[in-house]
Amino acid sequence: MAAVDQRLLWTIGAATAVTIVTIAVIIGRDPLHQDLAVALAPPSMLFPLGTDHLGRDVFARLFHALPRSIGIATSAMAAAVTIGTLVGLAAAVSNRLVDAAMMRLTDLALAFPGLLLAMVLAGLMGGGMLPVLVGIALGQWPQFARMTRSVAAAAMTEAHVEASRLAGLAGWRILLRQVMPRVLIHTASLAALGVGGAVLTISSLGFLGLGLQPPTPEWGAMITELLPYMDVAPVQIAAPCVALFVTVLTCMIAGRRLAEAI
Amino acid sequence: MQRAVRHAVPRAVLRRVLEALSVALILATICFALLHAIPGDMALRIAVGQLGTENMSPAAVEQIRDAEMLSRPLLVQYFDWLKAVATGDIGRSFVSGRPVAEELRQAGGYTLRLAVIAWLLSYALALPLGIAAGLKPDGAIDRATAFAAAAFSSLPTFLIGIALISIFVLALNLLPPAGYRRPEHLVLPAITLALGLMAPSMRVIRDAVAEVQASAYMTYAHVRGFGKAKAFIRHGLRNASVPIVTFAALQFAYLMDGFFVVETLFNFPGIGNAMVSALLARDVPVVMGCALLIGTTFAAISLAADLICMWMDPRLVDEGHGSR
Amino acid sequence: MRAILRVCDLSVRDQKGTLLVEAVSFAIPQAGAVVLIGETGSGKSLVAQAVLGLVPEGLSVQGRIEFDGRTVELSDRAALRQYWANHLALVPQEPRAALDPTMRVLPQITGLAKQAHAHQAMTSLSLRASVGRQYPFMLSGGMAQRVLVAGALTTQAPVVIADEPTKGLDDDRVEETVSRIRQLLDHGRAVLAITHDIRVARGLGGHIGVMRAGRMLEQGPVEEVILAPRHAYTRAWLDADPDRWPRRTAQRIAEPVLHAQKLTYAVGDRRLFQDLSLTLLRGSITAITGPSGCGKTMLGNVLLGLARPHAGTVRWCDGTDPHRVRRPALRARFQKLHQDPASAFMPGRVLRRQLEDLKPVLPFGCLARDLPPLLDRLAVQPSLLERRPDEVSGGELQRIAIARILLFKPYCLVADEPTSRLDPLVQREVTELLRTLVDEQDMSLVLTSHDKRLVRAVAHDVIDLQ
């Protein structure tokens, strides 16, 4: 027991130290500062991951892109979860007609291929954070609605909910205390997977030139920009690739762990 | 039973057709709304598209405004435009000035070719691996494929493509990098798409096979003297196919996402590429044509999957619904 | 009589080495029957699985079987496999799950035999030829079982193992199932039946083995064991049969708690019940009985105001109709005891918290005042309340559920198949408890059950939904 605690402490300590150092290093580095004199410079003490074709610091760009991507992905997912949960719960507690109508709507929304909606929105509205966010949220809410409805409907037929209804407890109390926890467990795992998927979508949009617009640092866009210099700048292009892979894999593993815990 | 079949199949067809129509209508409406919402003068944009920047004149712009009747109320324009779309006339590209339908026909042909090859390739890889993993859950193959699947599903398609390019084009110099002139040009895009598709389908196949293997009817077949292989062929394949086919249709969505990226990366002249360039150029008629084509194809494939599942699993006919 | 299959010193251990079945031996005579009987967890099913070589992964088996003079070690699963179909046939536990849902019936029961053979087997069980062309999901449970018996007949196997043939069956189907299995005996096959139902043993005759906690308590010819059980447990088991319960004398107080008039409820085109009128009296037990799917639970829910009838009215004792009033004043006085106690509590939440959740609907101070004596009355350790539902046994959980209901001082309690998942001994205990509570609390008990014998033993009034 004590050994485990110590290891945990060490891990937390090390993680904190790394974070502090990273933040300290990043602050004071401008991801947008161009200097053509050092364009495509290899990694060095000054530029740990080298510079891109405009002489910008890849390291700084990489770490400035991280919170932005994660931020957009989580906000999009939060929006999708909110809409999906509300629609799903409403369908689960409503009469058959409303339920059927809502589920038809969800089916319809599911009939759109995933990236298409985000692409059309972001593309025609000229990229930027909001269209990307809205596009992803619009593509993701139906699965949460569907899941919420089926989990909530199943939970509401359970004997413990019936027992509370017979005791005369108010409907909202039952929904909050006995139905929502069940829904939330399922939501958590789906949302973790969804954040990973959203990070992928953001980078794909960036790669296609339809997402966040330059010069905003974004992994997918960084990769596109450096693609012509693949043979002279391998580190610069590998860095965002690895960052992307690790981020998405972390979300996926977290999602799967949560799913297994159900 | 006979009655159930007679009712269930048309009902599934009707449902999917309605779905396809609604998808098309919604997409069309979004496109129309965006078309008029993007800043700038519509007539000016069309004029630039058709005549080029050099030949522009205020007179030409006014002429186009009259010809396209852009000064009418929006709602009238919307319904007229819908009417035209319904008859298959999506309009002309702002960029090339050619009819959209014509452009899409060509690009669609290329994409279809790529899709079929990538699809077949992915299942050629996923089926043997998935079945092998499912026959021995928690065995060595199962664990290895689980790991590979997790890694591949965390990789964006363009990274797989870039990796393949750097190996086969830059390092080994085996294959041509981009464009489409010879059949060799299909190899890398197809492999890229197939690898992306394979990861999730392998897991679905594995789960389906493992579930069937653990079922009561499988044990019963064993006890009745059927060997492992014989029982699997007799009872396993058909039962495991139902979730697999359902998933294969849903995967068309993944394939769609893949097209945009892969065709752009390899500069392959398909629908995905056409759509991305149209989006970048704000060429709304082409965007809409692509979206309509993709949306309706998606619904058509879902319908095909429903019908195949009904044919394979008679219970679905009785319940009157197919996949999803 | 010559034994066709002899099981010697069969033991099963789990991974930790705990004995689950301990040195069980018995012999199956040619064309005779052996019935292994015992409660859940007695190890009777493991015996059948071990003989077939189908024990779940991780369990280890010792012992041997003698088959026509040849001896096979039970630890050698590959060797046991050689005996499948040719020497051993199985009639599996859940008939419909054992059939491939995507394959028509006839090719499935034909198996490796000739099709003419399968036709013959079906005819001998009076299954029409059209059944062979159907898919398993189109068959009823009983029909599917007949198909599986026919499947056993198409093999050459002299020994057929029937695993829990009456599990989950309605009361009046038990006889039918037993006679179906007897047909196997008529065809010269020997039968090993695994069951928890004493009626299977009575119906099949032959030998009976009583198992408990992995041991064979006693075995012998059925008549001898039933007439003169040597073991106290066997005696208790036999006494738990509702047919042997003492009848109760009616002592009614003619005070009605509920009137229902001309109730009709339909699912699709099917009427579950029509124009049904009834009155529930305090201190009386009303039973609703009928085959599964006949609407017993639904009728209970209609009386409680949980499900709206398509026609007719329900009136509680204060004159309100629970289907018309949004929040009836007597809501909590009309309660329900659920079939599965585990699902009647929220998983993962400490039981005491779950009782405290009821504070908003209980009179002030009621929980602190009434709960301790209730728990005492129901013999529930108060410390059990500090646990989560999955950390408490089924019987204890059922009593805590009863305590929760009694907090509301109910006028009427609908008990929905309260004992159908319990072993006979516990079944008797719970039913006795409910019976005394009716007298003590002066409430009206509505008991839904498919077990006609149970109903006969306890109810004052019986509503039979056919």
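Definitions and limits used
Residues numbered from 1 in each chain as written. Chains lettered and ligands numbered in written order. Predicted model: local features only at pLDDT ≥ 70, side-chain atom pairs only at ≥ 80, totals over all residues. Heavy atoms only, no water. Pairing = 2+ DSSP bridges. Helix = DSSP H or I, 4+ residues; strand = E, 2+ residues; numbered from the N terminus. Axes fitted to C-alpha atoms, helices over the stretch in contact; angles between N-to-C directions. Contact = heavy atoms within 4.5 Å. Phe/Tyr/Trp six-rings, centres within 6.5 Å; stacked < 30°, edge-to-face > 60°. Buried < 20%, exposed > 50% of the residue type's maximum accessible area, 1.4 Å probe, protein only. Lys NZ or Arg CZ within 6 Å of the ring centre and 35° of its normal. UniProt positions renumbered as here; feature names shortened; annotations may be inferred. 1 Å grid on protein atoms, 1.4 Å probe; cavity = no way out; pocket = protein on both sides within 12 Å on 5 of 7 lines; lining within 4 Å. Points joined across faces, edges and corners; volume = space filled by probe spheres on them. Nonpolar A, V, L, I, M, F, W, Y, C, P; charged D, E, K, R; others polar. Expected span 1.5 Å × (residues − 1). Arc of directions from axis to C-beta. Parallel < 35°, antiparallel > 145°, perpendicular 65-115°, else oblique. Buried area = accessible area lost by both parts, 1.4 Å probe. Salt bridge = Lys/Arg side-chain N within 4 Å of Asp/Glu carboxyl O. Domains from an automatic or database assignment. Polar contact = N/O pair within 3.5 Å; in protein donor to acceptor, adjacent residues only side chain to side chain.

**Description of the sheet that holds strand 16 (residues 412-416) of chain C**
Residues and elements named next belong to chain C.
Then comes step 1: Reading across the sheet, the 5 strands line up as 15-16-17-13-18 and stay open at both edges, with parallel pairing between neighbours. This sheet does not close on itself; its edge strands, each paired only once, are strand 15 (334-337) and strand 18 (461-464). Put simply, the sheet's adjacent strands are angled 20 degrees from each other on average, direction ignored.
Then comes step 2: Here strand 13 (residues 285-289) runs beside strand 18; their pairing, made up of 4 bridges, is parallel. Bridged to threonine 289 within strand 18 is aspartate 464.
Then comes step 3: Against the sheet, helix 14 (residues 394-406) makes contact with strand 15 and strand 16, and its axis sits at roughly 175 degrees relative to strand 15, the strand it touches most.

**Quick notes on the packing of aromatic side chains**
Then comes step 1: Enumeration according to the criterion identifies 10 aromatic pairs over all chains in this entry.
Then comes step 2: Arranged with centres 5.0 Å apart and planes meeting at 55 degrees, the rings of phenylalanine 59 of chain A and phenylalanine 63 of chain A form a pair that is tilted. With phenylalanine 59 of chain A and phenylalanine 63 of chain A both in helix 2 (residues 58-93) and 4 residues apart, this pair spans about one turn of that helix.
Then comes step 3: The exposure class of phenylalanine 59 of chain A is buried, given its relative accessible area of 13%.
Then comes step 4: The ring of phenylalanine 345 of chain C has arginine 404 of chain C sitting right over it, with the charged end atom 4.2 Å from the ring centre.

**A short note on the UniProt feature "transmembrane region" (unreviewed entry) in chain B**
Then comes step 1: Mapped onto the present numbering, the UniProt feature "transmembrane region" (unreviewed entry) falls on residues 20-38, 114-135, 147-174, 186-205, 244-266 and 286-305 of chain B.
Then comes step 2: Across residues 286-305 of chain B, helical content stands at 100% and strand content at 0%; the span's end C-alpha atoms are separated by 28 Å.

**Regarding the environment of glycine 38 of chain C**
Residue and element names in this part refer to chain C.
Then comes step 1: On the secondary structure map, glycine 38 appears in the loop between strand 3 (33-37) and helix 1 (44-52).
Then comes step 2: According to the relative accessible area criterion, glycine 38 is buried, its value standing at 1%.
Then comes step 3: Once the C-alpha coordinates of glycine 38 and serine 343 are considered, the two residues, 305 residues apart in sequence, prove to be 25 Å apart.
Then comes step 4: Excluding anything up to four places from it in sequence, glycine 38 contacts Lys44, Thr195, His196, Met211 and Trp237.

**A look at empty space enclosed by the protein**
Then comes step 1: What the rule picks out here adds up to 6 cavities of 30 Å³ or more.
Then comes step 2: Approximately 230 Å³ is the volume found for the largest cavity.
Then comes step 3: Those elements that provide at least two residues to the lining of the largest cavity are helix 6 (159-167) and helix 7 (171-208) of chain A together with strand 15 and helix 14 of chain C.
Then comes step 4: When the residues that make up the lining of the largest cavity are grouped by side-chain class, the tally is 11 nonpolar, 6 polar and 5 charged.
Then comes step 5: Looking at the second largest cavity, its volume works out to about 60 Å³.

**Here's the deal with helix 7 (residues 174-186) of chain C**
All names here are of chain C.
Then comes step 1: Its 13 residues give helix 7 an end-to-end C-alpha distance of 18 Å, which sits within 8% of 18 Å, the value for a rise of 1.5 Å per residue.
Then comes step 2: Of all the positions in helix 7, only Val174, Thr177, Val178, Arg180, Ile181, Leu184 and Leu185 are classed as buried. End-on, the buried residues of helix 7 take up no more than an arc of 165 degrees, which puts them together on one face. Every exposed residue of helix 7 that faces more than 90 degrees away from the buried side is listed here: Glu175 and Asp186.
Then comes step 3: Among the structural elements, strand 3, helix 6 (141-154), strand 7 (159-163), strand 8 (190-195) and helix 8 (198-204) are those in contact with the buried residues of helix 7.

**Some remarks on the packing of helix 9 (residues 234-261) of chain A against helix 6 (residues 140-153) of chain B**
Then comes step 1: Two elements in contact, helix 9 of chain A and helix 6 of chain B, have axes whose closest approach is 8 Å; the angle formed by their N-to-C orientations is 125 degrees. Taken together, the axis directions place helix 9 of chain A and helix 6 of chain B in an arrangement best described as oblique. The segment helix 9 of chain A lies against helix 6 of chain B, with Phe245, Leu249, Met252 and Arg256 of chain A engaging Ala150, Ala151 and Ser153 of chain B.
Then comes step 2: When its residues are assigned to classes, the contact of helix 9 of chain A with helix 6 of chain B shows 5 nonpolar, 1 polar and 1 charged.

**Some remarks on the interface of chain C and chain B**
Then comes step 1: Taken together, the contact between chain C and chain B spans 28 residues of the former and 20 residues of the latter.
Then comes step 2: Around 2000 Å² of area is buried between chain C and chain B when both sides are counted, 67% of it from carbon and sulfur atoms.
Then comes step 3: The three residues of chain C that bury the most area against chain B are Thr102, Leu112 and Phe137 of chain C, which together make up 28% of that side's buried surface.
Then comes step 4: In this assembly, chain C and chain B are joined by 0 salt bridges.

**Thoughts on unusual backbone geometry**
Residues and elements named next belong to chain C.
Then comes step 1: Its identity is not glycine, yet aspartate 9 carries a phi of approximately 50 degrees, on the positive side.
Then comes step 2: Structurally, aspartate 9 can be placed in strand 1 (residues 3-13).
Then comes step 3: Of note, glutamate 164 is a non-glycine position whose phi angle comes to about 45 degrees, a positive value.
Then comes step 4: With respect to the helices and strands, the residue glutamate 164 is situated in the loop between strand 7 and helix 7.

**Observations regarding the domain arrangement of chain C**
Residues and elements named next belong to chain C.
Then comes step 1: As far as domains go, chain C holds domain 1 (3-87 + 157-239) and domain 2 (256-464).
Then comes step 2: Of the residues lining the interface, 12 residues belong to domain 1; the matching set on domain 2 comes to 10 residues.
Then comes step 3: Each partner contributes to the roughly 990 Å² buried at the junction of domain 1 and domain 2, and carbon and sulfur atoms together form 48% of this total.
Then comes step 4: The largest contributions to the domain 1 side of the interface with domain 2 come from Asp170, Asp171 and Trp237, which together make up 45% of the buried area.
Then comes step 5: At the boundary of domain 1 with domain 2, the tally comes to 0 salt bridges.
Then comes step 6: For the pair domain 1 and domain 2, the interface holds 1 residue pair in polar contact (both at pLDDT 80 or more).
Then comes step 7: Looking at which element gives the most residues to the side of domain 1 that touches domain 2, the answer is helix 10 (residues 232-239), with 4 residues.
Then comes step 8: Grouping the constituent residues of the side of domain 1 that touches domain 2 by class yields 4 nonpolar, 2 polar and 6 charged.

**Digging into the pattern of salt bridges**
Then comes step 1: If you walk through the whole model with that rule in mind, you get 30 salt bridges over all chains.
Then comes step 2: Among the salt bridges present, the one from arginine 203 of chain B reaches aspartate 142 of chain B, with a minimum N-O distance of 3.4 Å. Of the two residues, arginine 203 of chain B is situated in helix 8 (residues 187-213) and aspartate 142 of chain B in helix 6; the sequence distance between them amounts to 61 residues.
Then comes step 3: When its relative accessible area of 4% is taken as the criterion, aspartate 142 of chain B is described as buried.
Then comes step 4: Salt-bridge contacts for glutamate 440 of chain C lead to arginine 377 of chain C; the nearest nitrogen and oxygen are separated by 2.8 Å. Remark: arginine 377 of chain C occurs in helix 13 (residues 366-377) and glutamate 440 of chain C occurs in helix 15 (residues 424-441); sequence separation between them is 63 residues.
Then comes step 5: One salt-bridge network, in which partners are shared between bridges, spans Asp52, Arg56, Arg61 and Glu225 of chain A.

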